[in-house]
Amino acid sequence: LSVITDAAVVYESGSGRADSGQADSGQADSGQADSGQAGSERADAGPRISWIGPAAAAPAADRQIDLAGRCLLPGFVDSHTHLVYAGDRSAEFAARMTGAGYDGGGIASTVAATRAASDDQLRSLLRQRIEECRRQGTTTVEIKSGYGLSVDDERRMLRLAREVSTETTFLGGHVVPPEARDNRAGYVELVRGPMLEACAPYARWIDVFCEPHSPHAFTEEESRAILGAGIAAGLLPRVHGNQLGPGPGAALAVEVDAASVDHCTYLTAVDIDALAGSSTVATLLPGVEFSTRSPYPDARRLLDAGVTVALATDCNPGTCNSSSVPLMIALAVREMGMTAEEAVWAATRGSAASLRRQDIGRIAVGARADFAVLDAPSYLHLPYRPGVPIAHHLAL
Ligand code: NIG
Ligand code: FE
């Protein structure tokens, strides 16, 4: 039994309870290589919060962590990343800053570099990135495939991602790879068939880049077919949608009861109404607008309509090479009309909702003892001190 003072949060380590259903192990640092079996029950050895109250009333504990007035938050939940990849696209970024556009074409270069990398190289890059996330206060990381785009390379990406997170997402439907450019239909069938079959044991989610404004991504019909096959195989759907222009992604996400539609840069009033009446979360990724110099989505409009909003990084080599949730919170407040409270909620409880998780993203009895601590007295300092590394994972 340990107590964190100031906040007086008490946690117990190693409860040994078995998880079932949504309370599925997702700590970035679990280090448990789950060999597969989506939806299987997993032993839950991580610490859980057992008591919250005034410091003076806290039960006796073996150990005390004195925060000395620093702000304690739920650990950030980064519900959208592409952390398994090799290669570098800084030149593409530089070209964009002098006027080039983004249409997803650069993804092919990451696919080539990722296919050429060994397991050990990819694993070492992934682990460095996870460590970078944790240093900035993130305790759960969703990780997508999507830079393999062959049966073996997609399976390999998910196998490696599963070593560090149970929130793994099959994204064979990221783009049509160069070798399949003149056979789109054949590629969609590959994704829905043999690739899905090889990847499903290592994935909880299925995602697709539904984007008619990119010649490389997938149409509404192709996206529906890919998601439908994933759902039939027991995966839960999420969607990359409405990133480059208005499009069918958000409506399709609602249609299939996706947990989330991510990007939402261009939404119509009809899309917002549909999201408001659904259990689909709108995940905003303002680092993408920042790094592609695109207009920010109108978060205020979504919140005022009653849509559940999440914030995540989308950390990837093309559209946002940042793993900083604090930066996303700062952008949400400074550029998207969110209050600091809404932004912190979106990066914790909202992003947990986008993963259909109740056991993370909140400080509550029974929740995981996953915390971020700030070198600051208040969460207001996250948007107030942009770019300053004040947020850290609290090592227990
Ligand atoms: O979420 N939109 C599609 N996929 C990624 C970018 C991938 C890349 O450019 O490498 C995204 O922005
Ligand atoms: Fe993405």
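What counts and how
Residues numbered from 1 in each chain as written. Chains lettered and ligands numbered in written order. Predicted model: local features only at pLDDT ≥ 70, side-chain atom pairs only at ≥ 80, totals over all residues. Helix = DSSP H or I, 4+ residues; strand = E, 2+ residues; numbered from the N terminus. Buried ≥ 20, exposed ≤ 12 C-beta atoms within 10 Å, placed from the backbone. Near = placed C-beta within 6 Å. Nonpolar A, V, L, I, M, F, W, Y, C, P; charged D, E, K, R; others polar. Core = buried A, V, L, I, M, F, W, Y, C linked by C-beta atoms within 7 Å. Contact = placed C-beta atoms within 7 Å. UniProt positions renumbered as here; feature names shortened; annotations may be inferred. Axes fitted to C-alpha atoms, helices over the stretch in contact; angles between N-to-C directions. Parallel < 35°, antiparallel > 145°, perpendicular 65-115°, else oblique. Left-handed = near helix turned anticlockwise from the far one by under 90°. Expected span 1.5 Å × (residues − 1). Pairing = 2+ DSSP bridges. Right-handed = clockwise from strand over helix to strand, strands pointing away.

S.K.: Describe unusual backbone geometry, listing the residues and the values that go with them.
M.R.: The phi angle at C264 is positive, at roughly 55°, despite the residue not being glycine. On the secondary structure map, C264 appears in the loop between β13 (260–263) and α8 (269–276). Taking the number of C-beta atoms within 10 Å as the measure of exposure, C264 has 28 and is therefore buried. At R356, a residue that is not glycine, the phi angle is positive and equals roughly 50°. With respect to the helices and strands, the residue R356 is situated in the loop between α12 (340–354) and β16 (371–374). Its 17 C-beta neighbours within 10 Å are what place R356 among the partly exposed residues.

S.K.: Lay out the site of ligand 1 in plain terms, naming residues and giving numbers.
M.R.: Lining the immediate environment of ligand 1, one finds 13 residues, of which I107, F209, N316, G318 and T319 sit closest. When its residues are assigned to classes, the shell around ligand 1 shows four nonpolar, eight polar and one charged.

S.K.: So what's going on with the nonpolar core? Which residues, and what values?
M.R.: Ranked by size, the top nonpolar core spans 108 residues in total, and within it V84, F170, L311, I329, A332 and A347 carry the most contacts. Not counting residues up to four positions away in its chain, the partners in contact with A332 are L284, P286, A299, L311, M338, A343 and A346.

S.K.: How would you summarise the UniProt feature "binding site: N-formimidoyl-L-glutamate" (unreviewed entry) in the chain if you had to cite specific residues and measurements?
M.R.: Per the UniProt record, "binding site: N-formimidoyl-L-glutamate" (unreviewed entry) is annotated on Y147, N316 and G318. A maximum C-alpha distance of 11.4 Å is found for the annotated residues, which run over 172 residues; spatially they form one tight group. What makes N316 buried here is the crowd of 24 C-beta atoms within 10 Å. Setting aside anything within four residues of it in sequence, one finds N316 in contact with H82 and N321. Take G318: it is sitting in the loop between β15 (309–311) and α11 (325–335).

S.K.: Talk me through the packing of helix α5 (residues 184–199) against helix α6 (residues 220–232); I want residue IDs and the actual numbers.
M.R.: The N-to-C vectors of α5 and α6 enclose an angle of 10°; their axes lie 9 Å apart at closest approach. Taken together, α5 and α6 sit at an angle that is classed as roughly parallel. Mapping the contact onto sequence places V188, V191, R192 and L196 in α5 and E222, A225, I226, A229 and G230 in α6. Here the contact of α5 with α6 is built from residues that sort into six nonpolar, one polar and two charged.

S.K.: Account for the packing of α11 against α12, with residues named and values stated.
M.R.: Running from N to C, α11 and α12 cross one another at 140°; their axes reach a closest spacing of 9 Å. The angle between α11 and α12 places the two elements in the oblique class. Viewed along their axes, α11 and α12 form a crossing whose handedness is right-handed. Note on element contacts: α12 touches α11 through A340, A343, V344, A346 and A347, opposite V325, M328, I329, A332 and V333.

S.K.: Residue-level account of helix α4 (residues 151–162), with values.
M.R.: For α4, spanning 12 residues, the distance from its first C-alpha to its last is 17 Å, which sits close to the expected 16 Å at 1.5 Å a residue. In terms of residue burial, α4 counts as a mostly covered element, since nine of its 12 residues are buried. Of the positions making up α4, those classed as buried are E154, R155, R156, M157, L158, R159, L160, A161 and R162. Elements in contact with the buried residues of α4: α3 (119–135), β8 (143–144), β9 (168–173) and α5.

S.K.: Mind laying out the pairing of β9, listing which residues take part and the relevant values?
M.R.: In terms of burial, β9 is a largely internal element, six of the six residues being buried. Sheet topology places β8 next to β9; two bridges connect them, and they run parallel. By the bridge assignment for β9, I143 is matched with T168. In this fold, the crossover linking β8 to β9 by way of α4 has right-handed handedness. Note that β9 and strand β10 (residues 205–210) share three bridges and pair parallel.

S.K.: With reference to specific residues and values, describe the environment of R362.
M.R.: You can see R362 is positioned in the loop between α12 and β16. By the C-beta count within 10 Å, which is 18 here, R362 ends up partly exposed. Spatially, the C-alpha atoms of R362 and G75 are 8.1 Å apart, while their sequence positions differ by 287 residues. Leave out the neighbours within four places in its chain, and R362 touches P74, T348, R349 and A367.

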